[in-house]
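# Tertiary structure, described
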Amino acid sequence: MFFALLKKFLSFFLIFVLLLVTIPVVSATEQENELQYDFIDGNGKQHRYYYIDNGDGTCRFHSYLGSANELSIPKEIMGLTVTSIDDEALKDKVSLTFVNIPDTVLVIGLRAFAYCFNLKTVVIGKGVRFINSQAFQSCTSLTGINVQNVEAIGHLAFSHCTSMTSFRSQNQLTYIGENAFEYCTSLNFIRFSNTLETISKYAFKNCTALTTVTFPDSLTKIGLKAFQNCTGLETINFGNGA
């Protein structure tokens, strides 16, 4: 009798374990309707984009599976317009040396390209309005950045980009976040747009190659130690607003 009951118990236990194993677990990405798009390039190499349908005819570029050196973020995937690059979408992609971001993209996410150590050139499209925190942090081969219509740059966005020699903002930029360019030790040229209002604290800390800074009249706030340890800085031209 005892052994019969034990056998029955073990049977139920095994069924219970099997149910636990076979019940599907829905991940966060599945809940957000993560989709994939596979394609083969002209050299016969296979690549995969992951994207998330926003449900309004647009999508977010979520991640990339492949080893391309040069990557152009697509304007659209399966008929959906790409309007943002997700957080950490291309983080740690050390194969990348060149990235083109299309005009359809409005937002570059948190740490989207962080630690892409071999990334030398990024073309930022005219549509980009916001570069989030740490977006290009420690892209140590990045040589320069030119933004056209970016309105805000988050904290640590370009920190430790030690090969960056120039930063140019043409229009719209109003805000530079904390530590945004700290330890950009090769940075020797900055051109601020005439719309810039705020440079946050420690924004250009330890930019030791910087020799001249000219602030636009629109600037109203320079944060605490914004240019701390800029040991090569010789000339500062203040605008009427600072």
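Residues numbered from 1 in each chain as written. Predicted model: local features only at pLDDT ≥ 70, side-chain atom pairs only at ≥ 80, totals over all residues. Heavy atoms only, no water.

### Observations concerning the overall build of the protein
A tally of regular secondary structure across the protein gives two helices and 19 strands. A total of 242 residues make up the protein; the buried ones form 42% of that total. For the protein, the proportion of contacts with a sequence separation of at least 24, taken over those separated by at least 6, is 25%. Approximately 12,600 Å² of the protein is accessible, and the part contributed by carbon and sulfur atoms is 54%. (Helix = DSSP H or I, 4+ residues; strand = E, 2+ residues; numbered from the N terminus. Buried < 20%, exposed > 50% of the residue type's maximum accessible area, 1.4 Å probe, protein only. Contact = heavy atoms within 4.5 Å. Areas by Shrake-Rupley, 256 points an atom, 1.4 Å probe, with all protein chains shown as cover.)

### Considerations on the sheet that holds strand 13 (residues 166-169)
Ordered in space as 11-13-15, the three strands form an open sheet in which the pairing is parallel. Edge positions in the sheet fall to strand 11 (144-147) and strand 15 (189-191), since each has one partner strand and no second. Taking each pair of neighbouring strands and ignoring which way they run, the sheet shows an average axis angle of 5°. Across four bridges, the pairing between strand 11 and strand 13 is parallel. The residue of strand 13 that forms the bridge with Asn 146 is Arg 168. (Pairing = 2+ DSSP bridges. Axes fitted to C-alpha atoms, helices over the stretch in contact; angles between N-to-C directions.)

### Concerning the pairing of strand 13
Note: strand 13 against strand 15, three bridges, orientation parallel. Bridged to Ser 166 within strand 15 is Phe 189.

### Remarks on the sheet that holds strand 7 (residues 98-101)
Pairing is parallel across the open sheet formed by three strands, whose spatial order is 4-7-9. Only two strands of the sheet have a single partner each, and these edge strands are strand 4 (70-72) and strand 9 (121-124). Strand-to-strand twist across the sheet, computed as the mean angle between neighbouring axes with direction ignored, equals 5°. Two strands pair when backbone bridges link them, and strand 4 and strand 7 are joined in this way by three bridges, in the parallel orientation. Across the sheet, the residue bridging to Glu 70 is Phe 98, located in strand 7.

### Brief notes about the nonpolar core
Within the largest apolar cluster, 60 residues are counted, with the highest numbers of intra-cluster contacts made by Ile 101, Phe 113, Ile 131, Phe 158, Phe 181 and Phe 204. Every element with two or more residues in this core is listed here: strand 2 (46-53), strand 3 (58-65), strand 6 (80-85), strand 7, strand 9 and strand 11. Non-local contacts of Phe 113, meaning those with residues more than four positions away in its chain, are made with Ile 85, Leu 90, Lys 91, Val 99, Ile 101, Ile 108, Leu 119, Ala 135, Phe 136 and Cys 139. (Core = buried A, V, L, I, M, F, W, Y, C linked by side-chain atoms within 4.5 Å.)

### Side note on the pattern of salt bridges
Taken as a whole and judged by the stated rule, the model has five salt bridges. Residue Arg 60 pairs with Asp 86 through a salt bridge whose shortest N-O separation is 2.8 Å. Linking Arg 60 in strand 3 with Asp 86 in the loop between strand 6 and strand 7, this pair joins segments that are 26 residues apart in sequence. Judged by relative accessible area, Asp 86 falls into the buried class, the value being 10%. Glu 88 is the partner of Arg 111 in a salt bridge, and the nearest nitrogen-oxygen pair spans 2.8 Å. Placement of the pair is Arg 111 in the loop between strand 8 (107-108) and strand 9 and Glu 88 in the loop between strand 6 and strand 7, with a sequence separation of 23 residues. Overall, the relative accessible area of 36% leaves Glu 88 in the partly exposed class. (Salt bridge = Lys/Arg side-chain N within 4 Å of Asp/Glu carboxyl O.)

Distances and angles like these do not, on their own, reveal function.
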